[in-house]
Amino acid sequence: MRWEPLIIILLMASLCGLLIVTTVRRTRTRWFALLVLGYFTSLGAILFTPLAFTGTAVYIMPAGLGRVNLTHLDMFNLGFFENILMTIPLGMLIKWVLPKISMWGVTILGIFAGSSFETIQYILSHHWLINRSSDINDVISNTLGVVVGGIAIAVYYRIAAKHRQRPQAIA
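First things first, this report covers the structure right here in the doc. For clarity, every value in this text was computed on a predicted model and none was experimentally measured.

**Description of the packing of helix H4 (residues 103-128) against helix H5 (residues 136-165)**
- Between H4 and H5, the shortest axis-to-axis distance is 8 Å and the interhelical angle comes to 145°. Of the two possible hands of crossing, H4 and H5 adopt the one that is right-handed. Along the contact surface, H4 presents Met 103, Val 106, Thr 107, Gly 110, Ile 111, Gly 114, Ser 115, Phe 117 and Glu 118, while H5 presents Asp 138, Val 139, Asn 142, Thr 143, Val 146, Val 147, Gly 150, Ile 151 and Ala 154.
- Of the residues contributing to the contact of H4 with H5, the split by class is 9 nonpolar, 7 polar and 2 charged.

Spelled out as structure tokens, the structure:
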């Protein structure tokens, strides 16, 4: 029963992968879509299953309800920075897909994503006993990761625009 979220995630990822492989004709687009699918599959496995990933190991969490932390801020630990790194690609993808969105919009989407992750973890912990904690620190770090990823793509767009405007020097 605790493994149903993982089975659902893997089933959905397999069906989406099959759809991508059979319908997307351009090779670069297909590889990009499969890369994005792999990222979201990994993100789902990390967030919504009883598998726990540390910097050096993977282990199965015991059955339980998890804990909820809405008040204790602890932003200077490895887990905080791991959550930032985990969501940087999400911010990059948001800004890449929606290039006209402002950084305020990216920030709002980051808050929404982080809050959604923690709310779903809370619900799944109570339904499937996956023992995931819902933590305000995770919401903050997920938001920061999305913002950093959005800033990285915004900087890339700005550099690319300046590079296109500059006339090519003839040697």
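There's more to say after this.
**Looking at the layout of surface pockets**
- One number sums up the size of the largest pocket: a volume of about 780 Å³.
- The wall of the largest pocket is formed by 28 residues, among which Gly 79, Glu 82, Asn 83, Arg 132 and Asp 138 lie closest to the centre.
- Of all the secondary structure elements, the ones that give two or more residues to the lining of the largest pocket are helix H2 (27-48), strand E1 (51-53), helix H3 (78-97), H4 and H5.
- Considering every element that reaches the lining of the largest pocket, the biggest residue donor is H3, with 6 residues.
- Looking at the lining of the largest pocket residue by residue, the classes come out as 10 nonpolar, 11 polar and 7 charged.
- In this structure, the second largest pocket occupies an estimated 380 Å³ of space.
- Among the secondary structure elements, those contributing two or more residues to the lining of the second largest pocket are helix H1 (4-23), H2 and H4.

**Some remarks on H3**
- Its 20 residues place the ends of H3 30 Å apart at the C-alpha level, agreeing with the 28 Å of an ideal helix rising 1.5 Å per residue.
- Of all the bends in H3, the greatest, near 30°, is centred on Thr 87, and the proline Pro 89 appears no more than four residues after it.
- Where H3 is concerned, the buried positions are Phe 80, Asn 83, Ile 84, Met 86, Thr 87, Ile 88, Leu 90, Gly 91, Leu 93, Ile 94 and Lys 95.
- The secondary structure elements touched by the buried residues of H3 are H2, H4 and H5.

**Things to note about H1**
- A rise of 1.5 Å per residue sets the reference length of H1, with its 20 residues, at 28 Å; its end C-alpha atoms lie 28 Å apart and thus fit the reference within 8%.
- Buried within H1 are the following residues: Pro 5, Leu 6, Ile 9, Ala 13, Gly 17 and Ile 20. For H1, the buried positions fall inside an angular range of 95° around the axis, keeping them on one side. Residues of H1 that are exposed and point more than 90 degrees away from the buried face comprise Ile 7, Leu 11, Met 12, Leu 15, Leu 18 and Leu 19.

What counts and how
Residues numbered from 1 in each chain as written. Predicted model: local features only at pLDDT ≥ 70, side-chain atom pairs only at ≥ 80, totals over all residues. Heavy atoms only, no water. Axes fitted to C-alpha atoms, helices over the stretch in contact; angles between N-to-C directions. Helix = DSSP H or I, 4+ residues; strand = E, 2+ residues; numbered from the N terminus. Left-handed = near helix turned anticlockwise from the far one by under 90°. Contact = heavy atoms within 4.5 Å. Nonpolar A, V, L, I, M, F, W, Y, C, P; charged D, E, K, R; others polar. 1 Å grid on protein atoms, 1.4 Å probe; cavity = no way out; pocket = protein on both sides within 12 Å on 5 of 7 lines; lining within 4 Å. Points joined across faces, edges and corners; volume = space filled by probe spheres on them. Expected span 1.5 Å × (residues − 1). Bend = angle between axes of the 7 residues up to and from the residue. Buried < 20%, exposed > 50% of the residue type's maximum accessible area, 1.4 Å probe, protein only. Arc of directions from axis to C-beta.

In short, the description is geometric, and any link to function would need to be established separately.
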